[in-house]
Amino acid sequence: MTDRATPQTLLIVDDERSVRFGLGEWARDAGFQPIEAATAREALDAVRERSVDAVLLDLKLGDEDGLQVLRQLKEVDADLPVIMITGHGSVDHAVRAMKTGAFWFLQKPPDLDQLGLLLERALEAARLKGENDFLRASAGAGTNIVGASSSLSRALTRLERAAKGSTAT
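The structure contained in this document is the topic of the report that follows. Here the structure is a predicted model, which is why all the values come from computation and not from measurement.

Helices and strands together make up the secondary structure of the chain, namely six helices and seven strands. Order of helices (α) and strands (β) in the chain, N terminus to C terminus: β-α-β-α-β-β-β-α-β-α-β-α-α. For the chain, the proportion of contacts with a sequence separation of at least 24, taken over those separated by at least 6, is 60%. Carbon and sulfur atoms make up 51% of the accessible area of the chain, which totals about 10500 Å².

See below:
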């Protein structure tokens, strides 16, 4: 799936050991470096302590609410792509997960081909958002134009107004 020199890290958060193991094996075969977490605390510690590229998060983690874990993960890293998985979900759960910031919502057991495609899309969306944020920040830092003539000042003022106008392309 990935052709990077360093595999992308996939955090698998599920209270069922067999699910974590199966998804971990699939992730390894797909070119990811899987990290497993059984609880919300383990998941949050993993995201705080290491670089995580994407998360597969179960909706129900024992007595813990996966939607609350999703909120906490988004507080740590708002741009982290999270795909929710569940064996107990409903349309209402899916809608709430998406509104909270999940990239997608899948029923267990997930179709692994579909999961692979969703992870590719989620990682690409995160990459593009990061590039966009970087470019916006560097454009804001701007290239300083050297010069203080009144003609240059008027030209720059006109350019700024044109850029803010709705008809500028």
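Right, let's get into the pairing of strand β1 (residues 9-13). Summarising burial for β1: five of the five residues are buried, a large majority. In β1, alternate side chains face the same way, and those of T9, L11 and V13 on one face and L10 and I12 on the other are all buried. Alignment of β1 against strand β2 (residues 33-37), held across five bridges, turns out to be parallel. What sits directly across from I12, in β2, is E36. For the handedness criterion, the β-α-β arrangement of β1, helix α1 (residues 17-29) and β2 is classed as right-handed. Pairing of β1 with strand β3 (residues 54-58), which is carried by four bridges, proceeds in the parallel orientation. When the sheet's bridge partners are listed, L10 is paired in β3 with A54.

This part takes up α1. If you check α1, its first and last C-alpha atoms are 18 Å apart, about what 13 residues at 1.5 Å a residue would give, namely 18 Å. Among the residues of α1, those classed as buried are V19, R20, L23, G24, W26 and A27. The buried residues of α1 occupy an angular sector of 165° when projected down its axis, which confines them to one face. In α1, the exposed positions that point more than 90 degrees away from the buried face belong to R17, S18 and D29. Following α1 by one or two positions, G31 has its phi on the positive side, about 100°.

A word on the packing of helix α2 (residues 40-49) against helix α3 (residues 66-76). At their nearest, the axes of α2 and α3 sit 10 Å apart, and the two run at 15° to each other. Judged by the inter-axis angle, α2 sits roughly parallel to α3. Between α2 and α3 lies a crossing of right-handed hand. Between α2 and α3, the residues in contact are A40, A43, L44, V47 and R48 and V69, Q72, L73 and V76, respectively. Its residues assigned to classes, the contact of α2 with α3 comprises seven nonpolar, one polar and one charged.

In this section: the pattern of salt bridges. A full pass over the atoms with the stated rule returns nine salt bridges. A salt bridge links D79 to K129; its shortest N-O distance comes to 3.4 Å. On the criterion of sequence distance, the pair formed by D79 in the loop between α3 and β6 (82-86) and K129 in helix α5 (residues 112-141) is long-range, its members being 50 residues apart. What makes K129 partly exposed here is its relative accessible area of 38%. E131 is the salt-bridge partner of R127, the closest N and O atoms lying 2.2 Å from each other. Of this pair, R127 and E131 both sit in helix α5, four residues apart, which is roughly one turn of that helix. Residue E131 is classed as partly exposed on the basis of its relative accessible area, which comes to 40%. Through salt bridges with shared partners, one network takes in D14, E16, D58 and K108.

Parameters at a glance
- Residues numbered from 1 in each chain as written.
- Predicted model: local features only at pLDDT ≥ 70, side-chain atom pairs only at ≥ 80, totals over all residues.
- Heavy atoms only, no water.
- Helix = DSSP H or I, 4+ residues; strand = E, 2+ residues; numbered from the N terminus.
- Contact = heavy atoms within 4.5 Å.
- Areas by Shrake-Rupley, 256 points an atom, 1.4 Å probe, with all protein chains shown as cover.
- Buried < 20%, exposed > 50% of the residue type's maximum accessible area, 1.4 Å probe, protein only.
- Pairing = 2+ DSSP bridges.
- Right-handed = clockwise from strand over helix to strand, strands pointing away.
- Expected span 1.5 Å × (residues − 1).
- Arc of directions from axis to C-beta.
- Axes fitted to C-alpha atoms, helices over the stretch in contact; angles between N-to-C directions.
- Parallel < 35°, antiparallel > 145°, perpendicular 65-115°, else oblique.
- Left-handed = near helix turned anticlockwise from the far one by under 90°.
- Nonpolar A, V, L, I, M, F, W, Y, C, P; charged D, E, K, R; others polar.
- Salt bridge = Lys/Arg side-chain N within 4 Å of Asp/Glu carboxyl O.

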